[in-house]
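Summary of the model geometry
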Amino acid sequence: MTKTLFERIIAREIPSQIVYEDDLVFAFKDITPQAPTHVLIVPKKPIARIAEAAATDHQTLGHLLLKAAEVAEKIGLKESGYRLVINNGADGGESVPHLHCHILGGRKMAWPPG
Ligand code: 5GP
């Protein structure tokens, strides 16, 4: 099967600025940052999007969120705050069909989101 873009990044076939890696997840800087700090954290398993996740993915998904918070702290966002975003499908603004959580910080986020 064809690898997703993020599988190719995880495999180092496409270079990225790696922020964190373990057996289940991989975090790297977004190539088009939408905030002063913008990191993506993705499961190594190529779940297409949150809507396609299965009950058997619960450990991976829990780990992804816990590690998102750890990474946010590691990159200095814990005190000031940050936003985690998961885009799902066309209206959600998803452009890469490999589940990923955006970690955005370094500026005040607007609400409602655009
Ligand atoms: P989505 O729009 O699917 O929620 O988020 C996909 C994100 O992947 C976008 O923020 C986009 O900038 C980022 N992205 C797309 N291609 C690359 C790439 O080759 N390298 C990195 N580091 N980020 C990418």
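Look up a bit, the structure's there.
Residues numbered from 1 in each chain as written. Predicted model: local features only at pLDDT ≥ 70, side-chain atom pairs only at ≥ 80, totals over all residues. Heavy atoms only, no water.

Before going further, it helps to examine the overall build of the protein chain. Each helix and strand counted, the protein chain has 3 helices and 5 strands in total. Listing the helices and strands of the protein chain from first to last along the sequence gives α-β-β-β-α-β-α-β. Relative to a compact globule of 114 residues, whose C-alpha radius of gyration would be 13 Å, the protein chain shows 14 Å and is just as compact. By its C-alpha atoms, the protein chain is 40 × 30 × 25 Å across when sized along the principal axes. Sequence-distant contacts in the protein chain: of pairs separated by 6 or more residues, those separated by 24 or more amount to 54%. Here the protein chain displays about 7,000 Å² of accessible surface, and carbon together with sulfur accounts for 56% of that area. With 13 positive and 13 negative side-chain charges, the protein chain shows a separation of 4 Å between the mean positions of the two kinds. (Helix = DSSP H or I, 4+ residues; strand = E, 2+ residues; numbered from the N terminus. Rg over C-alpha atoms; globule rule 2.2 N^0.38 Å. Contact = heavy atoms within 4.5 Å. Areas by Shrake-Rupley, 256 points an atom, 1.4 Å probe, with all protein chains shown as cover. Lys, Arg positive; Asp, Glu negative; His and termini not counted. Charge placed at Lys NZ, Arg CZ, Asp CG, Glu CD.)

By themselves, these are just geometric observations and shouldn't be taken as functional.
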